[in-house]
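Letter by letter, the chains look like this.
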Amino acid sequence: MAIKEDEEVRVELFREYVRHGGKVEATDWMPAEYRQSLIRFIEMHANSELMGVLPERDWIMRAPTIQRKLALTAKIQDEAGHAELLYRLVEDLGKPRSACLEDLIAGRGKFHNAFHYRTGSWADIGIIAWLVDAAAIVSQNALRDSSYAPYARTMQKICWEESFHVMHGRDAVLTMVNGTSRQREMVQEALNRWWPVLMVFHGPDTPPEKDRDLQWRIKSKTNEELRQEFLSTQVPRLREIGLVIPDPELRYDEEQGRWLYSEPNWDELRAIARNQGPATAERIAFRRLTYEEGRWVRDLMRH
Amino acid sequence: MPEATKSHTDVQYQDEGEIFEIFQQKMRKDTAPRHGGNLRAPDSELALHYAREFYGRREESDRLWVVPRAMLWEISDPTQPVPHALTGAMVPQQDIQTTFAVFGRAQAGAPLAWILDLPETTLSGAVEAAAQLAQQSVPPYRRLWLCPRSAILELADSDLLHPPLDRSYRRLAGYNIREKLRTARQHGQPSLQGSEEKDDDEA
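Cut-off values and rules
- Residues numbered from 1 in each chain as written.
- Chains lettered and ligands numbered in written order.
- Predicted model: local features only at pLDDT ≥ 70, side-chain atom pairs only at ≥ 80, totals over all residues.
- Heavy atoms only, no water.
- Helix = DSSP H or I, 4+ residues; strand = E, 2+ residues; numbered from the N terminus.
- Contact = heavy atoms within 4.5 Å.
- Areas by Shrake-Rupley, 256 points an atom, 1.4 Å probe, with all protein chains shown as cover.
- 1 Å grid on protein atoms, 1.4 Å probe; cavity = no way out; pocket = protein on both sides within 12 Å on 5 of 7 lines; lining within 4 Å.
- Points joined across faces, edges and corners; volume = space filled by probe spheres on them.
- Nonpolar A, V, L, I, M, F, W, Y, C, P; charged D, E, K, R; others polar.
- Phe/Tyr/Trp six-rings, centres within 6.5 Å; stacked < 30°, edge-to-face > 60°.
- Buried < 20%, exposed > 50% of the residue type's maximum accessible area, 1.4 Å probe, protein only.
- Lys NZ or Arg CZ within 6 Å of the ring centre and 35° of its normal.
- Expected span 1.5 Å × (residues − 1).
- Lys, Arg positive; Asp, Glu negative; His and termini not counted.
- Salt bridge = Lys/Arg side-chain N within 4 Å of Asp/Glu carboxyl O.
- Polar contact = N/O pair within 3.5 Å; in protein donor to acceptor, adjacent residues only side chain to side chain.
- Buried area = accessible area lost by both parts, 1.4 Å probe.
- Core = buried A, V, L, I, M, F, W, Y, C linked by side-chain atoms within 4.5 Å.

A. Quick look at the overall build of chain A. For chain A, the count of helices and strands is 12 helices and 2 strands. Starting at the N terminus, the α and β elements of chain A follow one another as α-α-α-α-α-α-α-α-α-β-β-α-α-α. Dimensions of chain A along its principal axes, counting C-alpha atoms only, are 75 × 60 × 35 Å. Excluding contacts between residues fewer than 6 apart, the proportion of contacts in chain A whose partners are at least 24 apart in sequence is 75%. Surface accessibility of chain A: about 13100 Å² in total, with carbon and sulfur atoms responsible for 55%.

B. Up close: the overall build of chain B. A count of helical and extended segments in chain B gives 6 helices and 9 strands. Total accessible area on chain B is roughly 10800 Å²; 49% of this is exposed by carbon and sulfur atoms.

C. Seen up close, empty space enclosed by the protein. Under the criterion given, the structure shown has 3 cavities of 30 Å³ or more. Looking at the lining of the largest cavity, the elements with two or more residues in it are α3 (66-93) and α6 (149-177) of chain A together with β2 (34-41) and β8 (143-148) of chain B. The element that contributes the greatest number of residues to the lining of the largest cavity is β2 of chain B, accounting for 4 residues. Broken down by class, the residue content of the lining of the largest cavity amounts to 8 nonpolar, 6 polar and 8 charged.

D. Geometry of the packing of aromatic side chains. Taken as a whole and judged by the stated rule, the model has 15 aromatic pairs over all chains. Ring geometry for Tyr252 of chain A versus Trp259 of chain A: centroids 5.4 Å apart, planes at 70°, classification edge-to-face. Tyr252 of chain A gets classed as partly exposed once you look at its relative accessible area, which sits at 36%. Chaining the aromatic ring pairs together yields one cluster made of Phe23, Trp65, Phe103, Trp114 and Trp145 of chain B. Sitting above the plane of the Trp29 of chain A ring, Arg10 of chain A keeps its charged end 4.2 Å from the centroid. Over the aromatic face of Tyr291 of chain A sits the side chain of Arg298 of chain A, whose NZ or CZ is 3.8 Å from the ring centroid.

E. Examining helix α7 (residues 181-199) of chain A more closely. Spanning 19 residues, α7 of chain A covers 27 Å between terminal C-alpha atoms, matching the ideal 27 Å at 1.5 Å per step. Every buried residue of α7 of chain A is accounted for by Ser181, Arg184, Met186, Val187, Gln188, Ala190, Leu191, Trp194, Trp195, Val197, Leu198 and Met199 of chain A.

F. Local environment of the side chain of Arg283 of chain A. Residue and element names in this part refer to chain A. When you line up the elements, Arg283 lands in helix α11 (residues 280-293). No salt bridge is formed by the buried Arg283; the nearest opposite charge belongs to Asp58, separated by 4.3 Å. In this structure the side chain of Arg283 is engaged in a polar contact, spanning 2.8 Å, whose partner is the backbone oxygen of Tyr117. Dropping the residues within four chain positions of it, Arg283 is found in contact with Met51, Leu54, Pro55, Asp58, Phe115, His116, Tyr117 and Arg118.

G. Structural context of the layout of surface pockets. All names here are of chain A. Approximately 1200 Å³ is the volume found for the largest pocket. Phe41, Met44, His112, Phe201 and His202 are, among the 47 residues lining the largest pocket, the residues nearest its centre. Every element with two or more residues in the lining of the largest pocket is listed here: α2 (32-57), α3, α5 (122-143), α6, α9 (223-239) and α10 (266-273). A per-element tally of the lining of the largest pocket places α2 first, with 10 residues. When grouped by side-chain class, the residues that make up the lining of the largest pocket number 18 nonpolar, 13 polar and 16 charged.

H. Region of interest: the interface of chain A and chain B. Every contact between the two is made by 56 residues of chain A and, on the other side, 51 residues of chain B. Summing both partners gives a buried area of about 4800 Å² for chain A against chain B, and 52% of it is carried by carbon and sulfur. The largest share of the area that chain A buries against chain B comes from Arg153, Phe164 and Met301 of chain A, three residues that together contribute 11% of it. Between the two partners, chain A and chain B, sit 7 salt bridges. Of the charged contacts, one joins Arg69 of chain B and Asp92 of chain A as a salt bridge, the two residues approaching to 2.6 Å between their closest N and O atoms. Our enumeration of links across chain A and chain B arrives at 21 residue pairs in polar contact (both at pLDDT 80 or more). Ranked by residues supplied to the side of chain A that touches chain B, first place goes to α3 of chain A with 15 residues. Looking at side-chain class alone, the side of chain A that touches chain B contains 17 nonpolar, 15 polar and 24 charged residues.

I. Region of the structure containing the nonpolar core. Tyr148 and Trp195 of chain A are the most contacted members of the largest nonpolar core, which has 89 residues in total. Apart from the residues within four sequence positions on either side, Trp195 of chain A is in contact with Phe230, Leu231, Val235, Leu238, Ile245, Pro246, Asp247 and Leu250 of chain A.

Structure below.
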């Protein structure tokens with residue numbers, strides 16, 4: 001009984017420590033619940049980096065110029081590298097990379113909603129690189145304050161590379177906007193497809209006291225704060241080049257000091273969280289295929 | 001390592017190779033190698049290649065250090081200098097005939113950076129000297145890592161760490177969007193929108 005109480009006191013002290021900005025290293029003691037929350041959070045991040053390359057991979061052979069093709073393959077290598085760094089963090093917390101990958105290809109792993117959809121045209125690749133990566137940077141910048149210091153440090157490098165991706169995407173979109181009217185239509189259609197996806201990207205407006213990751217300071221900002229930050233930066237950038245955001249309710253309310261918008265489709269996000277999105281099955285199947293095809297390399301490396 | 005490791009130690013999850021800790025000295029930014037993170041590799045040769053890809057690709061470096069985690073000790077509190085092996089699989093101390101490299105951080109959460117090489121050739125001697133140094137420094141170092149100097153694999157070849165080829169795709173053709181943005185903004189001006197469409201259809 002006394003031991004159990006000691007444990008509770010220790011967890012409470014840890015909670016106070018991280019609440020006041022304390023940093024935790026991989027070799028430090030941490031409560032089991034904190035460890036499990038970190039594994040779940042960072043594993044999903046790693047899976048997202050790995051699954052995020054698949055929609056873009058589809059466009060390597062169809063990229064309009066050799067420069068776009070090189071930029072796209074460089075972006076894909078970045079994302080795969082991010083996945084590796086993040087799986088290492090998960091592994092140090094106690095779950096091996098191969099266990100994460102086996103969960104992923106068995107359909108038990110989670111990854112970000114944006115990567116459960118199909119792409120329609122080259123304009124989608126520009127919109128994804130610009131806006132999905134910009135949405136990700138907003139989250140990842142906030143993670144630089146994470147209580148888990150190895151994660152916060154890894155985010156420095158990841159944010160630096162994501163900023164190239166945003167430039168690459170915005171450059172591709174601007175090029176099309178300056179092109180023919182058909183190219184501008186393609187960009188507008190891509191924005192129409194991806195806007196609803198972006199509006200749920202940061203997750204539902206969960207109250208801070210119910211958000212366990214926030215309580216542990218694994219992340220430092222609420223979902224809604226991140227979404228507002230994303231809208232404040234990107235809405236003017238979209239509007240200034242004549243793109244129409246497909247939400248008639250979207251406006252900045254001066255009195256409330258926040259963006260108002262139509263209620264996003266949370267049911268679709270919930271379906272995706274169960275791995276039942278529009279392209280989920282084919283993406284996981286493709287990942288399974290490449291995992292099996294690479295088995296001989298892993299076997300060779302073990303000996 | 002942590003308690004949670006126990007739940008995943010089944011044979012089916014034996015990943016290949018071992019863990020290497022990576023230190024990077026960024027070109028023009030760092031004066032000493034700083035800890036960047038780690039990677040898993042089958043051997044030290046591949047670890048060097050991976051380190052270059054993961055850490056040196058988008059940011060040119062003057063130096064990359066690759067250290068097997070099995071060769072690192074941590075002192076989490078220099079006022080009570082007890083060295084803990086970063087991993088269980090440990091090289092016997094008496095086999096080490098080398099000086100020791102010391103890494104430290106003064107500020108919580110910051111990456112560990114190389115401080116100096118100590119002349120001591122035993123772990124206990126190095127731990128004592130490092131702990132003393134940590135407390136005498138202003139501000140004092142709060143956490144230290146030690147490794148035998150001979151365990152550090154160094155890549156400092158500028159041909160590999162900042163070749164022109166890498167720099168060319170870092171900013172492919174440049175992303176200077178100023179001119180493009182100025183043109184694109186014209187589409188955002190309501191008065192121009194209708195007529196712009198016509199121009200393009202004629203073209």
